[in-house]
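Residue strings, one per chain:
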Amino acid sequence: MNRFRSLAIAALAAAFAIPAAAHDYSLAALKIAHPYARATPPGADIGGAYLTIDNKGAADRLMSASSPAAARVELHTMAMDNGVMRMSEVKGIDLPPGSQVKLKPGGLHMMLVGLKAPLAEGSRVPLRLTFEHAGSIDVEVAVESMSAGAMKH
Ligand SMILES: [Cu+2]
């Protein structure tokens with residue numbers, strides 16, 4: 001009976017550990033959910049990073065990002081250009097009042113340029129986000145599989 005109870009407590013503790021690992025951040029009226037990146041193959045020197053921002057307050061703007069893991073971090077969008085998907089750099093990402101903006105593969109994203117080492121699945125990479133009004137916040141980017149966030153058909 002005692003053994004069963006301690007197992008039950010361990011299971012309960014594990015269940016409670018999940019929200020702590022959920023990996024969300026708040027900064028003023030901004031909620032930043034689940035920053036993640038795709039693992040990169042050996043030799044690659046760029047990698048995409050993604051997250052979701054909910055803005056519960058007034059208009060703001062993601063101005064820039066930086067990381068000690070890369071020479072620089074660019075904000076990119078993807079669009080069709082003559083039938084070819086192309087990435088281009090954007091100056092900032094608007095966060096209208098009450099909006100949810102998703103950075104995801106195939107859309108707006110952050111690009112770690114000049115990676116100092118490949119992004120290894122299961123590791124975490126520090127990233128600083130700077131907003132026009134809310135200021136800056138340091139988050140951890142969870143490195144997932146090379147196909148993480150792929151669109152499901
Ligand atoms: Cu890009």
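What you see is a predicted model; the values in this text were computed from it and never measured.

Rules used in this analysis
Residues numbered from 1 in each chain as written. Predicted model: local features only at pLDDT ≥ 70, side-chain atom pairs only at ≥ 80, totals over all residues. Heavy atoms only, no water. Helix = DSSP H or I, 4+ residues; strand = E, 2+ residues; numbered from the N terminus. Polar contact = N/O pair within 3.5 Å; in protein donor to acceptor, adjacent residues only side chain to side chain. Contact = heavy atoms within 4.5 Å. Salt bridge = Lys/Arg side-chain N within 4 Å of Asp/Glu carboxyl O. Buried < 20%, exposed > 50% of the residue type's maximum accessible area, 1.4 Å probe, protein only. Phe/Tyr/Trp six-rings, centres within 6.5 Å; stacked < 30°, edge-to-face > 60°. Donors = N, O, S within 2.8 Å, 3.2 Å for Na, K, Ca; no water. Tetrahedral: all angles 85-135°; square planar, octahedral: opposite > 155°, others 65-115°.

(A) The arrangement of the side chain of His-76 in detail. Inspection of the secondary structure assignment puts His-76 in strand S5 (residues 70–81). Of the polar contacts made by the side chain of His-76, one reaches the side chain of Glu-74; its length is 2.6 Å. In contact with His-76, other than residues within four places in its own chain, are Met-87, Ser-88, Glu-89, Val-90, Gly-107, Leu-108, His-109 and Met-111.

(B) Focus on the pattern of salt bridges. A complete count under the given rule lists 6 salt bridges for this structure. Between Lys-31 and Asp-24 there is a salt bridge whose closest N-O contact spans 3.8 Å. We note a salt bridge from Asp-94 to Arg-61, for which the minimum N-O separation is 2.6 Å. With Asp-94 in strand S7 (residues 93–95) and Arg-61 in strand S4 (residues 60–66), this residue pair connects regions lying 33 residues apart in the sequence. Looking at Arg-61, the relative accessible area reads 22%, which means it is partly exposed.

(C) Seen up close, the packing of aromatic side chains. All chains considered together, the criterion is met by 1 aromatic pair. Look at Tyr-36 and Tyr-50: their rings are 5.2 Å apart centre to centre, the planes differ by 40°, and that puts the pair in the tilted class. Highlighted residues: Tyr-36 in strand S2 (residues 30–38) and Tyr-50 in strand S3 (residues 46–55), separated in sequence by 14 residues. For the pair Tyr-36 and Tyr-50, one class covers both residues: buried.

(D) A look at the coordination of the copper ion. Every protein donor of the copper ion is accounted for by His-76 (ND1), Met-87 (SD), His-109 (NE2) and Met-111 (SD), and the metal-donor separations fall at 2.0 to 2.2 Å. Coordination at the copper ion is tetrahedral: its 4 donor atoms span angles of 98 to 114° at the metal. In terms of primary sequence, the donors binding the copper ion are separated according to H-x10-M-x21-H-x1-M. Of this pair, Met-87 sits in strand S6 (residues 84–89) while His-109 sits in strand S9 (residues 109–115), placing them 22 residues apart in sequence. For Met-87, a relative accessible area of 39% gives the class partly exposed. Classification of His-109 as buried rests on a relative accessible area of 3%.

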